[in-house]
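Working through the structure, step by step
Listed below are the residues making up each chain.
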Amino acid sequence: MTDNEREGADSPDSPERRRLFLVACAGASALVGASLATVAGRVLLSPLTAAESGAGTRLDLGALADFESVRAGHGPREVVVEQPLEDGYSTRKVKARVLVVKDAKAASGLAVLSATCSHLGCGVAWNAERRSFVCPCHGGVYAEDGSVTSGPPPKPLARLTFAAEGGRLSLDPSKAS
Ligand code: FES
């Protein structure tokens, strides 16, 4: 290697240094991207997480009379709830789906389940023919009570705390243990 070539490899404009710089930039971008994805995921999932953990306020799900068919065994009812989410500078509404199902052991005759699959977080939906909640992502199947009947989900659908009072059904995070 000549002196000129040796100087070229050590110079700030050498191809090796540029390549090293580009690799460092790509690594830093990947780290920033992963961090932002984690934060975004937590923000999107926070309403039900808050409800399950005891924070937040009651969210009305509707009149108890509207769930008579659920109590009578005609299948679950899906409800979309909106919760205000404060992010420091503004407040916006975030929607989440919950599943109202029959629970013969409960005084109200009802239970409220999260619609989020316990495997990797996809949304489950009621399949009337199979009388099961089915997850479209990897084929997880849950019974009406939220227990896993087949597929990869490691645990049942989360049970959400609720109140059935004054003719209304509502999520009640204050009752979470
Ligand atoms: Fe539901 Fe995988 S996310 S089965």
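Everything numeric here is computed off the predicted structure, so don't read it as measured data.

**Some points on the overall build of the chain**
Scanning the chain from terminus to terminus reveals three helices and eleven strands. Secondary structure of the chain in N-to-C order comes out as α-α-β-α-β-β-β-β-β-β-β-β-β-β. Residues counted as buried form 32% of the 177 residues belonging to the chain. Here the contacts in the chain between residues at least 6 apart in sequence split such that 47% fall between residues at least 24 apart. On the chain, roughly 10900 Å² of surface is accessible, and the fraction owed to carbon and sulfur atoms is 56%.

**Remarks on the pairing of strand E2 (residues 77-86)**
Sheet topology note: the E2/strand E3 (residues 91-102) ladder contains ten bridges and is antiparallel. Looking across to E3, one finds that Glu82 is bridged to Lys95. Count of turn residues in the E2/E3 antiparallel hairpin: four residues, of which Gly88 carries a positive phi of about 100°.

**Quick notes on the pattern of salt bridges**
Evaluation of the coordinates by the stated rule reveals eight salt bridges. The salt bridge involving Arg92 is made with Asp87; its shortest N-O contact spans 3.7 Å. Each of the salt bridges in this network shares a partner with another, and the network as a whole consists of Arg58, Glu165 and Asp172.

**Section: the sheet that holds E2**
An order of E2-E3-E4-E9 is seen for the four strands of this open sheet, with the pairing classed as antiparallel. What marks the edges here is a single partner per strand, and that holds for E2 and strand E9 (159-160). In this sheet, E9 lies alongside strand E4 (residues 110-114) in antiparallel orientation, the contact comprising two bridges. Looking at E9, one finds that Leu113 is bridged to Arg159.

**Some remarks on the sheet that holds strand E1 (residues 59-63)**
Two modes of strand pairing occur in sheets, parallel and antiparallel, and in both the strands are linked by backbone hydrogen bonds. Strand order in this open sheet of three strands is E1-E11-E10, and the pairing throughout is antiparallel. Each end of this open sheet is capped by a strand with a single partner; those strands are E1 and strand E10 (162-165). For this sheet, the mean inter-axis angle between neighbouring strands, taken without regard to orientation, is 20°.

**Quick word on the confidence of the model for the chain**
When pLDDT is averaged along the chain, the result is 81, and 71% of the positions lie at 70 or above. pLDDT under 50 marks residues 33-47. Its contacts with residues more than four places away, or in other chains, come to six contacts. Every residue in residues 49-54 is under pLDDT 50, and counting partners more than four places away or in other chains gives 13 contacts.

How each quantity is defined
Residues numbered from 1 in each chain as written. Predicted model: local features only at pLDDT ≥ 70, side-chain atom pairs only at ≥ 80, totals over all residues. Heavy atoms only, no water. Helix = DSSP H or I, 4+ residues; strand = E, 2+ residues; numbered from the N terminus. Buried < 20%, exposed > 50% of the residue type's maximum accessible area, 1.4 Å probe, protein only. Contact = heavy atoms within 4.5 Å. Areas by Shrake-Rupley, 256 points an atom, 1.4 Å probe, with all protein chains shown as cover. Pairing = 2+ DSSP bridges. Salt bridge = Lys/Arg side-chain N within 4 Å of Asp/Glu carboxyl O. Axes fitted to C-alpha atoms, helices over the stretch in contact; angles between N-to-C directions. pLDDT = per-residue confidence, 0-100.

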